[in-house]
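Residue-level listing of the chains:
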Amino acid sequence: METTFEDYKTDDGPQNMWDAFQENDKLRVFALVDQLASQPVSVDDFEHAYEEYSEIFSKYQEQPHLLDRSIEEIVSKIVPYLQDTGVELMLKHRAAKYLYQICKVRTFKAFGKNLPHEVRHLPSVLSLVEQQDLEDWQNWETRYIGILWLSLLVLNPFDLSRLDTSDEGCPTTMERIDSICKMNCLKDDSCTPVAAFLVARFLIRNDVKKVCLEKFFDWAMVVNEEYSVDAKIGPLTAIACILKHGKREDLLPFVERLCEWVLHLDYETISKNFKIHKTCIKICQRLGLVLLPPKVAKWRYQRGARSLLANVQKTVTLASLKEVQQTESIPECTEEEDAVDDEEVPGEIEEIIERLLLGLKGNSTIVRWSSAKGIGRITNRLPKLLGDEVVSSVIELLNPLEQDDAWHGACLALAELAKRGLLLPSRLAEIVPLLLQALVYDEMQGYRNVGQNIRDAACYMSWAFARAYHPAVLQPFVERIASALLVTAVFDREINCRRAASAAFQESVGRLGNFPHGISILTTADFFSVAVRSNAFLNIGEFIAQFEEYKYTLIEHLITRKINHWDTNIRELSAQALSNLTKHAPVYMRDKIVPRLFQLAESTELNTRHGAVLALGEVINSLQKLSTHDSRSPGGDQESFLNTEIGELAGELIGKYRDRGQFKGMSGTYMKHGCASFIRNCSEAMLPLSKREYVESWQLLLDESIIDEKASTREQATLAFSRFCAKYYRAETAERLGSLIDNYIKDMRDTQIEHKAQGVVSALGALPLFVLELRLREIVQVIDIKTI
């Protein structure tokens, strides 16, 4: 049976997926546009219509391409309101708002192509933009659409002087557009990106660049030095756009001055505004691309022919290693060629690369991302010796002495380098261990944790490796990478990291075809199923553990990284996950993991101690269930997975905590919760306690936990008390059991504190029947009196 997208829908997946722009939506849009001509239309009526119009297009935010066939028709109905000089200004503003909603969904570069582009429209559009008030924050959409439309019209190849009037003293068309560009660049608002886009398209014209290009660069550099921070972003964005769209031969005369200017900016001040910092990084990388000849590095790694079907069906063998040499090529440059290349590399490139490497350690994700892309693009044009130095500099950022920002930037940069074939296979032995560290990077800094973005970038890095390298090249590292990706996919705290790891694993299975049990795992651990954390920890993790290649890696990760996690919920889920994994390796859990957990349970660090106690109880309970199951199976193993040593260590554990005073204060609340869970699981497992003092210490802890202020601790203690009495008090005398009940009844009568009374009542209600029937009348009477 064929699997469809519907089979993968979950609460976290897309719910409204369309295959075309819905006909009823289109008709409603046309009706709302026609209402613009209705006179008069009150402000309230227009606001209701505009809200409905916006909601229609917002449904296609994730599928904007579906609008393409209808955009031109919708635009043709709205544009006349902007072109007609007889239309009042308010109606033009409303028409522009309608156009902007389409532009917002489709992006301005794609939307702009649907506007009329005849040169006859240029004077009217130019006048429309000039009429706009830069301080009119309520109708800025009109200025936005006008600037965008103007950026399309200036591409007409006709000389702008043909549009000039014969009146003396009137500015020329070129001067008018130049003035509009500068005024809108100085305004930091939503129109700034399209203003920069207009600047780039205007200044690269053959008749304009000779007159205005150098003057604009001079003006922008002066603005950066003299104006406020808010006014800088526009000119900087404009320079970045010019460097992107302009021809190399036109820009080369100005590159030296621009490099001198941008490389000596005060980056400590700039970095406080991440938008300005990002734009400066873009300028740096694009200056580097202008300086370097537009050629691809000859030394880069090339994978050769690829086939997804062949990768999935083929098993990588030693014979395929020979095939790599035939299907791939890593050209070797001679010393003479390297020397020639070195002479062609301008001196400014070294400073630009240094600036980009510093950007990898920036305090904003968008700055690091832009720096990573710039390093990939520039390295792609460098000779092998200099390119290898750049790669080494990036790898050096992945060391314990660097901050988390540097790790994130380095992972992004390595992914970009790998995509372009600039990480040669010889580097993999050095990079893969760093990749494995990045996939589990999670540290506390003060009261916050860091590492989520690093793990996400490491998944991107793995995804890039899958696309870049031949399966035989990655074969020595496949098992480690696959295990690390699955660990992140099922046991990471953050949904975006789990999904990123699942996507990287899927890409690796498809591109490489040598990940063990890849297809089987993907059908369970897909993009949507790993979204629910409990499902990923408890169900998907158990499914993957049935495969020998991943079983011990999953267990080891839970022990070393998750039961000591800073998040209490993760520690609890990890303990339950260990319980589920026990059935797949019971002997290993008994002989290796349980002793380690007992050692961790005596740690001085609260999170480790709490997580280890939770995990011990779950594993002991699971081992007992396996023992019971095996002993009842025909011909099954009669040996119990629990031994006397485990019972002895478990019995004395609570007493050790009490002797050390670890049940006091805030940390004591967590330990009471963990120990109550431990007692419940041991009781369910019917763990034999060799000494009476162990039972007494457990009872004393339960007495304290039942009246704890925290509701979750009381609930856990009540449940544990029920199981504890059923197991360890069944052989007790009626006199001892009666004394136990009398103590609770006395506490119930004496206490005036609400949470204590709640805990005692819950404990009395949880007593087993053989205990409850000894004092049933007294219990009912005291509860009845207390409630009255």
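Rules behind the numbers
- Residues numbered from 1 in each chain as written.
- Predicted model: local features only at pLDDT ≥ 70, side-chain atom pairs only at ≥ 80, totals over all residues.
- Heavy atoms only, no water.
- Core = buried A, V, L, I, M, F, W, Y, C linked by side-chain atoms within 4.5 Å.
- Buried < 20%, exposed > 50% of the residue type's maximum accessible area, 1.4 Å probe, protein only.
- Contact = heavy atoms within 4.5 Å.
- Phe/Tyr/Trp six-rings, centres within 6.5 Å; stacked < 30°, edge-to-face > 60°.
- Helix = DSSP H or I, 4+ residues; strand = E, 2+ residues; numbered from the N terminus.
- Lys NZ or Arg CZ within 6 Å of the ring centre and 35° of its normal.
- 1 Å grid on protein atoms, 1.4 Å probe; cavity = no way out; pocket = protein on both sides within 12 Å on 5 of 7 lines; lining within 4 Å.
- Points joined across faces, edges and corners; volume = space filled by probe spheres on them.
- Nonpolar A, V, L, I, M, F, W, Y, C, P; charged D, E, K, R; others polar.
- Salt bridge = Lys/Arg side-chain N within 4 Å of Asp/Glu carboxyl O.
- Axes fitted to C-alpha atoms, helices over the stretch in contact; angles between N-to-C directions.
- Parallel < 35°, antiparallel > 145°, perpendicular 65-115°, else oblique.
- Left-handed = near helix turned anticlockwise from the far one by under 90°.
- Expected span 1.5 Å × (residues − 1).

The name given to the protein chain in an unreviewed UniProt entry is Tubulin-folding cofactor D ARM repeats domain-containing protein, and the organism recorded there is Anopheles atroparvus.

A.B. asks: Is there a simple way to explain the nonpolar core in this structure?
C.D. replies: Across soluble globular proteins, nonpolar side chains have a tendency to be buried as a group. Judged by nonpolar contacts, the single largest core of 259 residues is most densely connected at Y53, Y98, F111, F465, F505 and F678. Ignoring sequence-local partners within four residues, the contact set of Y98 consists of L32, V33, L36, F46, A49, Y50, Y53 and I78.

A.B. asks: I would appreciate a short explanation of the packing of aromatic side chains in the present structure.
C.D. replies: For the structure shown, the criterion picks out 29 aromatic pairs. Ring geometry for Y50 and Y98: centres 6.0 Å apart, planes at 15°, overall stacked. Residue Y50 is found in helix α2 (residues 43-58), and its partner Y98 is found in helix α4 (residues 89-106); the two are separated by 48 residues along the sequence. Exposure class is identical for Y50 and Y98. Each is buried. Aromatic rings pair up to connect F21, F46, Y50, Y53, F57, Y60 and Y98 into one cluster. Against the face of F30 rests K77, its NZ or CZ located 5.6 Å from the ring centre. Sitting over the face of the ring of Y670, K710 holds its NZ or CZ atom 4.6 Å from the ring centroid.

A.B. asks: Where do I start with the environment of K187 in this structure?
C.D. replies: With respect to the helices, strands and loops of the structure, K187 is situated in the loop between α8 (173-185) and α9 (192-203). As a C-alpha pair, K187 and G234 span 47 residues in sequence and 6.9 Å in three-dimensional space. Discounting residues that sit within four places of it in the chain, K187 has contacts with L134, E135, R143 and T192.

A.B. asks: Just checking my understanding: could you explain the side chain of H565 for this structure?
C.D. replies: Examined against the element boundaries, H565 turns out to sit in the loop between α29 (548-562) and α30 (568-582). On the basis of relative accessibility, which here comes to 4%, the residue H565 falls in the buried class. The contacts of H565, once residues within four sequence positions are left out, are D442, R493, I570, R571 and N607.

A.B. asks: Before we go on, may I ask you to explain the layout of surface pockets in this structure?
C.D. replies: Left-over empty space is what a probe sized like a water molecule reveals as it rolls over the atoms. As a volume, the largest pocket reaches approximately 450 Å³. Around the largest pocket sit 19 residues that line it, and P193, T237, C241, K278 and K282 are the ones nearest its centre. Counting residues per element, the ones that place at least two in the lining of the largest pocket are α5 (108-112), α9, α11 (229-245) and α14 (274-291). Sorting elements by how many residues they give to the lining of the largest pocket places α11 first, with six residues. Among the residues making up the lining of the largest pocket, the classes are represented as seven nonpolar, four polar and eight charged.

A.B. asks: How do you make sense of the pattern of salt bridges when you look at a structure like this?
C.D. replies: Where charged atoms from two side chains of opposite charge come close, those side chains can pair. The full count for this structure, using the stated rule, is 38 salt bridges. Here K182 ties to D178 by a salt bridge, and the two come within 3.4 Å at their closest N and O atoms. With K182 and D178 both in helix α8 and four residues apart, the pair spans about one turn of that helix. Between E507 and R467 there is a salt bridge, with the nearest N and O atoms lying 2.9 Å from each other. Placement of the pair is E507 in helix α26 (residues 495-512) and R467 in helix α23 (residues 452-468), with a sequence separation of 40 residues. Given a relative accessible area of 30%, R467 falls into the partly exposed group. One network of salt bridges, in which partners are shared, links E602, E652, K656 and R660.

A.B. asks: Just checking my understanding: could you explain the packing of α2 against α4 for this structure?
C.D. replies: Helices that pack against each other are described as a pair by the angle of their axes relative to one another and the distance between those axes. Packing of α2 against α4 leaves a shortest axis separation of 10 Å and a crossing angle of 15°. Judged on the interaxial angle alone, α4 and α2 are roughly parallel. In the packing of α2 onto α4, the handedness of the crossing is right-handed. Of the residues in α4, those in contact with V43, F46, A49, Y50, Y53, S54 and F57 of α2 are R94, K97, Y98, Q101, I102 and V105.

A.B. asks: Hey, could you run me through the environment of V487 in this one?
C.D. replies: For V487, the position within the fold is in helix α25 (residues 478-491). When its relative accessible area of 3% is taken as the criterion, V487 is described as buried. With 47 residues separating them in the primary sequence, V487 and V440 have C-alpha atoms 8.6 Å apart. Apart from the residues within four sequence positions on either side, V487 is in contact with D492, T553, L554 and H557.

A.B. asks: Can you walk me through helix α21 (residues 404-419) in this structure?
C.D. replies: Three- or four-residue spacings in an α-helix give side chains the same orientation, since the helix completes a turn every 3.6 residues. With 16 residues, α21 ought to run about 22 Å at 1.5 Å a step, and its terminal C-alpha atoms sit 23 Å apart, in line with that. Among the residues trailing α21, G421 stands out with phi positive, at a value near 75°.

A.B. asks: Explain empty space enclosed by the protein to me, please; I cannot follow it from the model alone.
C.D. replies: Going through the model one piece at a time under the given rule, you end up with three cavities of 30 Å³ or more. For the largest cavity, the calculated volume is near 50 Å³. Along its surface, the largest cavity is lined by S462, F465, A466, L474, V478, I481, S508, L512 and F515. Taken together, the elements giving at least two residues each to the lining of the largest cavity come down to α23, α25 and α26. Sort the elements by how many residues they give to the lining of the largest cavity and α23 lands first, with three residues. Of the residues in the lining of the largest cavity, the class split is seven nonpolar, two polar and no charged.

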